[in-house]
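Here are the chains, one letter per residue:
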Amino acid sequence: MNVILRNPNREISLSGGRTVRALLQELGLSREAHLVIRNGQLVPGDGRLEDEDTIEIRPVISGGV
Amino acid sequence: MKCRVCRGPAIIDLPRHNANFCVEHFVQLCLRQVTKAIDDFGMVSTSDRVLVAVSGGKDSLAVWDILNELGYSADGLYIGLGIGEYSEHSKEFAERFAQEKGLILHVVSLRSDYDFDVPTAAKTTGRVPCSACGMSKRHIFDQFALENGYDVLVTGHNLDDEVAVLFGNTLRWDVGYLSRQLPVLDARGGFPKKVKPLVRLSEREMAAWCVVRDIEYIIEECPLASGNRHLAYKEVMNQIEERSPGTKASFYLGFLDNMAPLLRDEHAKDLDSIGTCSRCSAPTGAADSELCAFCRLQERASQVDPIPVDLLLKKRRRS
């Protein structure tokens with residue numbers, strides 16, 4: 001699958017299906033701090049991602065308070 | 001994963017609620033949480049003229065969208081901070097949202113209207129950029145709300161923002177700041193009423209709101225915010241939250257229930273010590289007839305040539 005990471009923008013390729021939860025864990029990303037989006041739709045933690053998917057992992061934390 | 005309400009396919013899992021939601025019921029949850037915050041804390045009524053502090057980020061656009069959805073009459077104010085392309089992009093998102101929704105967006109520019117910008121202020125005064133930025137925004141939002149007859153100033157502070165600030169204030173036992181960390185600050189001597197309707201919703205929920213509502217917002221982080229201590233506090237709190245869902249909400253809401261009432265006297269003392277700026281008449285902690293912190297900042301930063309944000313970033317990277 002093609003994974004687009006934001007902030008900073010970069011892309012990585014991974015092979016093999018897995019759940020959103022497993023993907024975030026593999027990349028060392030906090031579930032509290034990221035959303036996973038496929039074709040403009042949110043995918044929940046146990047949502048299955050497949051090889052042909054292009055997904056965006058979007059960080060949700062901002063610094064200004 | 002199924003929606004807790006309708007058993008349809010879920011789009012988001014919210015461990016702190018131990019539940020998953022579809023788009024429709026996630027939207028309902030967010031509207032309900034904001035309604036509860038507004039009602040519980042007496043934030044705003046439908047007859048109020050509301051001004052939303054808009055940055056072009058997810059939280060300010062989400063709170064503006066939610067208030068609009070709930071039937072409140074709210075205009076926006078965007079402040080151009082002069083942080084290079086980041087400010088330009090932020091403004092585009094704010095303007096696009098306002099145009100799509102048919103809402104009124106006022107725009108103020110630090111450089112055009114006050115003769116300085118955040119990078120120049122930070123460099124000239126030696127302040128951390130976030131400090132110069134926050135102080136300028138608070139001053140301008142407050143003054144604009146008062147001068148233009150708005151009853152309430154709304155900010156997009158969410159649960160994670162409040163938790164990070166509470167965590168920092170608690171680490172330092174800063175009683176003065178703790179006593180002011182409330183979801184509503186009533187209008188008083190030179191300050192408008194200020195409210196935070198998103199305090200019951202997390203940062204992740206607000207980003208999700210924007211995705212499901214097709215709201216485009218600036219995703220990039222401000223280039224000057226890197227290393228900001230609140231980002232570090234958020235990271236720590238999210239680690240705790242992942243192990244123990246609900247911790248952030250109980251930390252903050254528990255503070256409001258149990259601790260804030262004990263700090264009321266401190267808050268009242270704080271209000272007594274406010275003077276007036278001799279230039280702009282804004283409230284100030286400085287003694288009467290002295291300049292407020294914003295006017296002092298403007299006085300110094302407007303006397304030097306503009307400092308490009310890239311120059312400031314290069315210096316920060318070297319140090």
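Just above sits the structure.
This structure is a prediction, so every number in the text was calculated from the model and none was measured. (Residues numbered from 1 in each chain as written. Chains lettered and ligands numbered in written order. Predicted model: local features only at pLDDT ≥ 70, side-chain atom pairs only at ≥ 80, totals over all residues.)

Trainee: Explain the overall build of chain A here, please?
Mentor: Counting its regular elements, chain A contains one helix and seven strands. Along its sequence from the N terminus, chain A presents helices and strands in the succession β-β-β-α-β-β-β-β. Relative to its length of 65 residues, chain A is compact, with a C-alpha radius of gyration of 11 Å against a globular reference of 11 Å. Considered along the principal axes of its C-alpha atoms, chain A spans approximately 40 × 25 × 20 Å. Out of the 65 residues belonging to chain A, those deemed buried represent 31%. Long-range contacts, defined here as pairs at least 24 residues apart, represent 60% of the contacts in chain A between residues at least 6 apart. (Helix = DSSP H or I, 4+ residues; strand = E, 2+ residues; numbered from the N terminus. Rg over C-alpha atoms; globule rule 2.2 N^0.38 Å. Buried ≥ 20, exposed ≤ 12 C-beta atoms within 10 Å, placed from the backbone. Contact = placed C-beta atoms within 7 Å.)

Trainee: Before we go on, may I ask you to explain the pairing of strand β5 (residues 105–109) of chain B in this structure?
Mentor: Side-chain direction in a regular strand flips from residue to residue, so the side chains alternate between the two faces of the sheet. All names here are of chain B. Pairing between strand β4 (residues 74–80) and β5: five bridges, direction parallel. Within β5, the position partnered with Gly76 by the bridge is Leu105. Crossover connection from β4 via helix α3 (residues 84–101) to parallel β5: handedness right-handed. (Pairing = 2+ DSSP bridges. Right-handed = clockwise from strand over helix to strand, strands pointing away.)

Trainee: Quick question: what am I supposed to make of the environment of Ser73(B) here?
Mentor: Residues and elements named next belong to chain B. Among the structural elements, Ser73 can be located in the loop between α2 (58–69) and β4. With 26 residues separating them along the chain, Ser73 and Ser47 place their C-alpha atoms 7.8 Å apart. If near-sequence neighbours (up to four positions away) are discounted, Ser73 is found in contact with Arg49 and Val50.

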